[in-house]
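Structural overview for review
The chain contents come next:
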Protein chains: 2
Amino acid sequence: VRTLKLIVAYDGAAFDGWQRQPGRRTVQGVMEAHLSAVMGEPVHVTAAGRTDAGCHARGQVASFSTGGRLPAAALPPVLNRRLPADLRVRAAAEAPLGFDARRGAVARRYAYRLLREDDVLLGRFAWHPRRPVDADHLARATAPLVGEHDCTTFRGAGSTPTVSVCRIQRASWRPWDGGVLIDIMADHFLYHMVRSIVGTALALQGESDPARAMRERLAARNRSRAGPTAPAHGLCLEQVFYAEGAER
Amino acid sequence: VRTLKLIVAYDGAAFDGWQRQPGRRTVQGVMEAHLSAVMGEPVHVTAAGRTDAGCHARGQVASFSTGGRLPAAALPPVLNRRLPADLRVRAAAEAPLGFDARRGAVARRYAYRLLREDDVLLGRFAWHPRRPVDADHLARATAPLVGEHDCTTFRGAGSTPTVSVCRIQRASWRPWDGGVLIDIMADHFLYHMVRSIVGTALALQGESDPARAMRERLAARNRSRAGPTAPAHGLCLEQVFYAEGAER
């Protein structure tokens, strides 16, 4: 038995999220079906981030243990010939026995992309909000998030209990082709947290002091103080970090 | 009777190109079906550029004449409620009676997007060539194209005869999120011309003097001197110009 890790990318539009569910097309389900066929035995994969329906990934990390002998280097070409076009294995490597992509991850980096105007191509993975996007106000609103905070305000309803204190290492906006994106990195994220932060930052655009308003909302530790949750299709898991370095 | 013009955007992946064909899903076919329903009479639209299967558009211009009374401003919301998600009307305006989006156009601007590495999101509208992308060499290769040239070398097989001399106003490369893109503008383009230019520029990356090699190939006026035609999905019609200004 050995443990392997995969760097996985997917266009989430046609997936019901990561997690395997009977009768649904999920990333885990599709990946396990093909991995099991290739390895010649049932394979169970664990992901660093269980992305929601419609969310994308460019740097998801998945791990699994197997008795199969296929070398790691052969996995990307062999799997990519079988996998649908919206799911790709970017890299594969041997990992220490028992390596767990989820428990071993020390940080995750997400991007949420906003569009300044509707775009039929970019709109597949970026959101065009109704209100105008003001990059300066957004940056002022999210700056106070960097640090260690109880993020209960931004925890989506229906989540399973996890530690609500998150250490946010980065929350910065930068331009991209279609508008602006937030590059946000933390040790872990609560359910719907990035989408809730984006929705709240947009809702605070009208405030004279968006940083102060964001601090107040964060301190309230109350879901009702968050703005509307931004839609799933603007979110992308970009990168996962482990103790030994970035996994992409 | 009055004439209207539309600015149209589409994700070309699921269309068999612009031009109406029986039994095929084409942009013209889908657009005319909905436009006819909305106008209450059969409508025939003319496009500035008849894009190929798989090619995208952000700034296609289409014109039509109609006896229908729906005001131009109502067309985008009314049509976009009916149209599939991969086809959008960005704007509509009254045009001079008899305005023809194709014959009236004085210039078209296309982008061809190259990826430095595979990307499941950006790969929908950008191409990842096997050989490494060298932006500097590409720019040197295409610089000699600016000007008035017989572009027969870059005319795809199976095209209908048109004037083979094109006035290329711009052929410049710039970075985008996924790699580099060529921004190319001319009074008109021959069949497959942009894709043939991109494939040729990539093939010339190994040359010590790519500009000289491109000039030689252009002067040959011979299809056999072009590189392989780059695939359709990297191409996007960005903008069309008319005598009175840009139409987007």
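Conventions we followed
- Residues numbered from 1 in each chain as written.
- Chains lettered and ligands numbered in written order.
- Predicted model: local features only at pLDDT ≥ 70, side-chain atom pairs only at ≥ 80, totals over all residues.
- Heavy atoms only, no water.
- Least-squares fit on C-alpha atoms with pLDDT ≥ 70 in both.
- Contact = heavy atoms within 4.5 Å.
- Buried < 20%, exposed > 50% of the residue type's maximum accessible area, 1.4 Å probe, protein only.
- Helix = DSSP H or I, 4+ residues; strand = E, 2+ residues; numbered from the N terminus.
- Arc of directions from axis to C-beta.
- Buried area = accessible area lost by both parts, 1.4 Å probe.
- Salt bridge = Lys/Arg side-chain N within 4 Å of Asp/Glu carboxyl O.
- Phe/Tyr/Trp six-rings, centres within 6.5 Å; stacked < 30°, edge-to-face > 60°.
- Lys NZ or Arg CZ within 6 Å of the ring centre and 35° of its normal.
- Pairing = 2+ DSSP bridges.
- Disulfide = S-S within 2.5 Å.
- Axes fitted to C-alpha atoms, helices over the stretch in contact; angles between N-to-C directions.
- Parallel < 35°, antiparallel > 145°, perpendicular 65-115°, else oblique.
- Left-handed = near helix turned anticlockwise from the far one by under 90°.
- Nonpolar A, V, L, I, M, F, W, Y, C, P; charged D, E, K, R; others polar.

A look at the relation of the copies chain B and chain A
The transformation that overlays chain B on chain A combines an axial shift of 0.0 Å with a rotation of 180°, and the residual RMSD is 0.0 Å. Here the transformation between the copies is reduced to the relation of a two-fold axis. Residues of chain B ranked by C-alpha distance from the rotation axis are headed by Asp177(B), positioned 3.3 Å from it. A share of 100% of interface residues in chain B that are also interface residues in chain A marks the association as one of identical surfaces.

Quick word on helix 2 (residues 75–82) of chain B
Residue and element names in this part refer to chain B. Taken together, the buried positions of helix 2 are occupied by Leu75, Pro76, Leu79 and Asn80. Angular distribution of buried residues about the axis of helix 2 spans 110°; they occupy a single face of the element. The secondary structure elements touched by the buried residues of helix 2 are strand 1 (2–10), helix 1 (27–39), strand 3 (56–66) and strand 4 (87–95).

A look at the interface of chain B and chain A
Quite often, the size of an interface is put as the accessible area lost when its parts meet. The partner chain A presents 21 residues to the 21 residues of chain B that form the contact. Buried surface at the junction of chain B and chain A, summed over both partners, amounts to about 1600 Å²; 60% is from carbon and sulfur atoms. Of all residues in chain B, Arg58(B), Val120(B) and Leu121(B) bury the most surface against chain A, accounting for 40% of the area lost on that side. Along the contact surface separating chain B from chain A lie 4 salt bridges. Arg58(B) is the salt-bridge partner of Asp119(A), the closest N and O atoms lying 2.9 Å from each other.

Observations concerning the packing of aromatic side chains
Counted according to the given criterion, the structure contains 11 aromatic pairs over all chains. Ring plane angle 70° and centroid distance 6.3 Å describe the contact between Tyr10(B) and Phe15(B), whose orientation is recorded as edge-to-face. The burial state of Tyr10(B) is the same as that of Phe15(B); both residues are buried. Between Tyr10(B) and Trp18(B) the ring centres are 6.4 Å apart and the planes differ by 35°, which places this aromatic pair in the tilted class. Tyr10(B) sits in the buried class, given a relative accessible area of 1%. Taken together, the aromatic side chains of Phe125(A), Trp176(A), Phe125(B) and Trp176(B) make up a single cluster linked through ring pairs. Positioned over the ring face of Phe99(A) is Lys5(A), at 5.2 Å from the centre of the ring. The aromatic ring of Trp176(A) is capped on one face by Arg113(A), whose charged end is 5.7 Å from the ring centroid.

A look at the pairing of strand 8 (residues 179–186) of chain B
All names here are of chain B. Of all 8 residues that make up strand 8, 8 are buried, and the element is covered over most of its length. Bridging between strand 5 (residues 105–115) and strand 8 involves 8 bridges; their strand directions are antiparallel. What sits directly across from Ala111, in strand 8, is Asp183. Bridging between strand 7 (residues 165–176) and strand 8 involves 8 bridges; their strand directions are antiparallel. The residue bridging Trp173 from the neighbouring strand is Ile182, located in strand 8. Counting the residues that bridge the hairpin from strand 7 to strand 8 gives 2 residues.

Remarks on the pattern of salt bridges
A full pass over the atoms with the stated rule returns 34 salt bridges over all chains. For Arg20(B), the salt bridge goes to Glu32(B), with nearest N and O atoms at 2.7 Å. Here Arg20(B) is found in the loop between strand 1 and helix 1, whereas its partner Glu32(B) is found in helix 1, with 12 residues between them in sequence. The partner of Glu238(B) in a salt bridge is Arg58(B), and the shortest N-O contact between them spans 3.4 Å. You can see Glu238(B) sitting in strand 9 (residues 235–242) and its partner Arg58(B) sitting in strand 3, a full 180 residues away along the chain. For Glu238(B), a relative accessible area of 6% corresponds to the buried category. Through salt bridges with shared partners, a single network forms among Arg58(A), Arg113(A), Glu238(A) and Asp119(B).

Digging into the state of the cysteines
All names here are of chain A. Applying the stated criterion to the full structure yields 0 disulfides over all chains. In this structure Cys151 is a free cysteine whose sulfur lies 4.2 Å from that of Cys166, the closest cysteine sulfur available. For Cys151, a relative accessible area of 0% translates into the label buried.

As for the packing of helix 1 of chain B against helix 2 of chain B
Residue and element names in this part refer to chain B. Close contact between helix 1 and helix 2 brings their axes to 10 Å; oriented N to C, the two are set at 120°. It follows that helix 1 is oblique to helix 2 by the angle criterion. For the pair helix 1 and helix 2, the crossing hand works out as right-handed. In contact with His34, Leu35, Ala37, Val38 and Met39 of helix 1, helix 2 contributes Leu75, Val78, Leu79 and Arg82. Counted by class, the contact of helix 1 with helix 2 contains 7 nonpolar, 1 polar and 1 charged residues.

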